[in-house]
Amino acid sequence: MSIPLLFRCPISLDLFTDPVTLSTGQTYDRPSIEQWLTRGNRTCPVTMQRLHDTSLVPNHTLRHLIDQWLLTCTPETQSNLINFNSSSNNNNNNNENFSLGILKLNLQSTDTTIETKIEALKKVRILAMESDIGQASLIQLGFFPLLLDLLFRTSEVTYPELLIEVALDCVLSLSPSTHSEFLNILKEDSGLASLVILLEQGNVKIKACLCSLVETIASSPVTREVCLAIGQSPKVVQVLVSLVRRTGDSWTMEASVRALYGICLLEANRGNAIKEGAIEGLILYLSRSGRRNTSQALASIEALLEVDAGRKLMIKNMNAVEVLVKMVFMVSYDQAASEHAIGALLIMCRESVSVRAEVVNAGVLKQLLLLLQSQCSAKAKTKAGALLKLLRCVWAEDPGVCNFYNAM
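Values in this document were obtained by computation on a predicted structure and should not be read as measured data.

**Q** Can you help me understand the overall build of the protein chain in this one?
**A** Per the secondary structure count, the protein chain includes 25 helices and 3 strands. In the protein chain, which comprises 408 residues, the proportion classed as buried is 51%. Partitioning the intrachain contacts of the protein chain with sequence separation of at least 6 by distance along the chain shows that 67% fall at a separation of at least 24. Here the protein chain displays about 19,000 Å² of accessible surface, and carbon together with sulfur accounts for 50% of that area.

**Q** What is the right way to read the sheet that holds strand β3 (residues 57–58) from this model?
**A** In sheet architecture, strand pairing relies on hydrogen bonds along the backbone and comes in two forms, parallel and antiparallel. One open sheet accounts for 3 strands, arranged β2-β1-β3; its pairing is antiparallel. Every other strand in the sheet has two partners, leaving β2 (27–29) and β3 as the edge strands with one partner each. Here strand β1 (residues 19–21) runs beside β2; their pairing, made up of 3 bridges, is antiparallel. Among the inter-strand pairings, Val-20 is bridged to a residue of β2, identified as Tyr-28. Packed on one face of the sheet, helix α1 (residues 30–38) meets β1, β2 and β3 and runs near 95 degrees to β2.

**Q** How should the nonpolar core be read in this particular structure?
**A** Generally speaking, nonpolar side chains in soluble globular proteins are found buried as a group. Counting 126 residues, the largest nonpolar core has Phe-152 and Val-364 as its most contacted members. Val-364 has contacts with Val-325, Val-328, Leu-345, Val-359, Leu-387 and Leu-391, leaving out every residue within four places of it along the chain.

**Q** I'm lost on the layout of surface pockets in this one. Help?
**A** In this approach the atoms are scanned with a rolling probe the size of a water molecule, which exposes any empty space left behind. Of the volumes computed, that of the largest pocket is approximately 410 Å³. Forming the boundary of the largest pocket are 18 residues, of which Thr-17, Asp-18, Ile-139, Thr-178 and His-179 lie nearest the centre. Among the secondary structure elements, those contributing two or more residues to the lining of the largest pocket are α1, α7 (132–140), α8 (143–152) and α10 (180–183). Looking at which element gives the most residues to the lining of the largest pocket, the answer is α7, with 5 residues. Here the second largest pocket is characterised by a volume of approximately 190 Å³. Considering the residues around the second largest pocket, the lining is formed by Ser-12, Asp-14, Leu-15, Thr-17, Asp-29, Pro-31, Ser-32, Asp-132, Ile-133 and Ala-136. Only α1 and α7 provide two or more residues apiece to the lining of the second largest pocket. Take the lining of the second largest pocket: its biggest share by element is 3 residues, from α7. For the lining of the second largest pocket, the per-class residue count stands at 4 nonpolar, 3 polar and 3 charged.

**Q** Whenever I open this one, helix α12 (residues 204–218) confuses me. Can you help?
**A** In an α-helix, one turn spans 3.6 residues; hence positions three or four apart end up facing the same way. If you check α12, its first and last C-alpha atoms are 21 Å apart, about what 15 residues at 1.5 Å a residue would give, namely 21 Å. Listing the buried residues of α12 in full gives Ile-206, Lys-207, Ala-208, Cys-209, Leu-210, Cys-211, Leu-213, Val-214, Ile-217 and Ala-218. Two or three places before Lys-205, at the opening of α12, Asn-203 has a side-chain oxygen 3.2 Å from that residue's backbone nitrogen.

**Q** Could you clarify how one ought to interpret the pattern of salt bridges in this entry?
**A** Here the idea is simple: oppositely charged side chains can pair when their charged atoms come close. Applying the stated rule across the entire model yields 16 salt bridges. One continuous salt-bridge network, built from bridges that share partners, spans Asp-18, Arg-30, Glu-34 and Arg-63.

**Q** Explanation requested: unusual backbone geometry in the structure shown.
**A** In most cases, non-glycine residues show a negative phi, while peptide bonds are predominantly trans. For Met-48, which is not glycine, the phi torsion reads 65 degrees and is therefore positive. In this structure, Met-48 sits in the loop between α1 and β3. Positive phi is not limited to glycine here, since Ser-175 has a value of about 50 degrees.

**Q** What should I look at first to understand helix α13 (residues 224–231) in this one?
**A** Looking at α13, one finds that the buried residues are Val-226, Cys-227, Ala-229, Ile-230 and Gly-231. Of the surrounding secondary structure, the elements contacted by the buried residues of α13 are α10, α11 (189–201), α12, α14 (234–245), α15 (250–264) and α16 (267–275).

**Q** Hey, could you run me through the confidence of the model for the protein chain in this one?
**A** One rule of thumb: low pLDDT means the predicted coordinates there are not for detailed reading. Across the protein chain, the average pLDDT comes to 87, with 88% of residues at 70 or higher. Highest mean pLDDT in the protein chain belongs to α16 (98); lowest belongs to helix α4 (residues 86–93) (39). Low pLDDT (under 50) marks residues 82–97, which in the prediction has 20 contacts with non-local residues, meaning those over four places away or in another chain. Contacts from residues 402–408, a stretch scored under 50 in pLDDT, to residues over four places away or in other chains number 7 contacts.

**Q** I tried to follow the packing of α8 against helix α9 (residues 161–173) on my own but got confused; where do I start?
**A** In a packed pair of helices, the relevant descriptors are the angle between the two axes and the axis-to-axis distance. At a closest axis distance of 10 Å, the pairing of α8 and α9 adopts a crossing angle of 145 degrees. Crossing of α8 against α9: the hand is left-handed. Counting all contacts with α8, which are made through Phe-144, Leu-147, Leu-148 and Leu-151, the residues of α9 involved are Ile-164, Ala-167, Leu-168, Cys-170 and Val-171. Classifying every residue of the contact of α8 with α9 gives 9 nonpolar, no polar and no charged.

**Q** Would you mind going over the environment of Asn-269 with me for this structure?
**A** Mapped onto the elements of the fold, Asn-269 is located in helix α16. In this structure Asn-269 comes out as buried when scored by relative accessible area, which is 0%. In sequence terms Asn-269 and Cys-227 are 42 residues apart; their C-alpha atoms lie 8.7 Å from each other. Ignoring anything within four residues of it in the chain, the contact list for Asn-269 reads Cys-227, Leu-228, Gly-231, Gln-232 and Ile-263.

Definitions and limits used
Residues numbered from 1 in each chain as written. Predicted model: local features only at pLDDT ≥ 70, side-chain atom pairs only at ≥ 80, totals over all residues. Heavy atoms only, no water. Helix = DSSP H or I, 4+ residues; strand = E, 2+ residues; numbered from the N terminus. Buried < 20%, exposed > 50% of the residue type's maximum accessible area, 1.4 Å probe, protein only. Contact = heavy atoms within 4.5 Å. Areas by Shrake-Rupley, 256 points an atom, 1.4 Å probe, with all protein chains shown as cover. Pairing = 2+ DSSP bridges. Axes fitted to C-alpha atoms, helices over the stretch in contact; angles between N-to-C directions. Core = buried A, V, L, I, M, F, W, Y, C linked by side-chain atoms within 4.5 Å. 1 Å grid on protein atoms, 1.4 Å probe; cavity = no way out; pocket = protein on both sides within 12 Å on 5 of 7 lines; lining within 4 Å. Points joined across faces, edges and corners; volume = space filled by probe spheres on them. Nonpolar A, V, L, I, M, F, W, Y, C, P; charged D, E, K, R; others polar. Expected span 1.5 Å × (residues − 1). Polar contact = N/O pair within 3.5 Å; in protein donor to acceptor, adjacent residues only side chain to side chain. Salt bridge = Lys/Arg side-chain N within 4 Å of Asp/Glu carboxyl O. pLDDT = per-residue confidence, 0-100. Left-handed = near helix turned anticlockwise from the far one by under 90°.

And the structure:
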């Protein structure tokens, strides 16, 4: 059994996710028709009539019909929709027949056993990961807020780690940044409390997945308010910083660096990040070998240095200058890392004369000159030139440094 023709968008030929009707009476999926109109087309794709009115009216009747059809889909229909792989088909054949409606009921009901919920979540995970149609079906039937409720509607973690792991896999597969209205749960005290507990008590996978969720939220302007709520929570930032400082768990550490970077992108979050130890944690991270998110860590530091409290802390940090100077010229890393390292040093040197001398003594001139001779970015060159100009008075007092500079 395939998707009924009535339920397919005439443009994408996929199942409608958000059916809307044009003035011509033709219905299209909103993303498809919006893309058509954005390209400058002013005709109806099916009738080719000229559009004097490009407004889009939600087709609630069709959406209701699709919802009802999806709720009663059999396993055979779902297999056609998402192309289950052979192993998934074999597993499903050993279980009772299910529909999306039954899966939803099993997740909603307080009477459902934990084992049944886990099995339901595993089937949802297959639907979410196998195809866009599977994702659209789950989103349309309200699985996304249901999954968030399972994870963040309680102040105490009562579910086993396996259930939480699978639920997080499902959430991350359903494009969380596009569902800002449901992610508002993380603006509530109870939601933030649950997030903290899961970050503190969850296993490695749970912690890494939650950091990825925070990173995804922070990367989208649609979920800016949610990112602001997370970044303004002292407990959330504290636990993220503690994960950045951890050793022996590189997966979680790298994920937490990316999450902290996303939080620091918002200017309003920077004061709290500084207060909760983000600068010290990031400097410690950069001092270690084998780091994979150097650019994000350096970009976070450069952003935090825009705040007066951040500059004061960096100047007091005994390791900051040495760590940043080593980051100026890194052949094996991307150019953005060098740019952010120089940007951070430039801010510190403008703030303090003593830092200028410390930076020169740490060997920054050689690093800068090597960088300028390389194929670095225009931004990196501009910042490097500004830093050299600022340090000119320092190396002028040191003949050895001056001779080295002329020889180069």
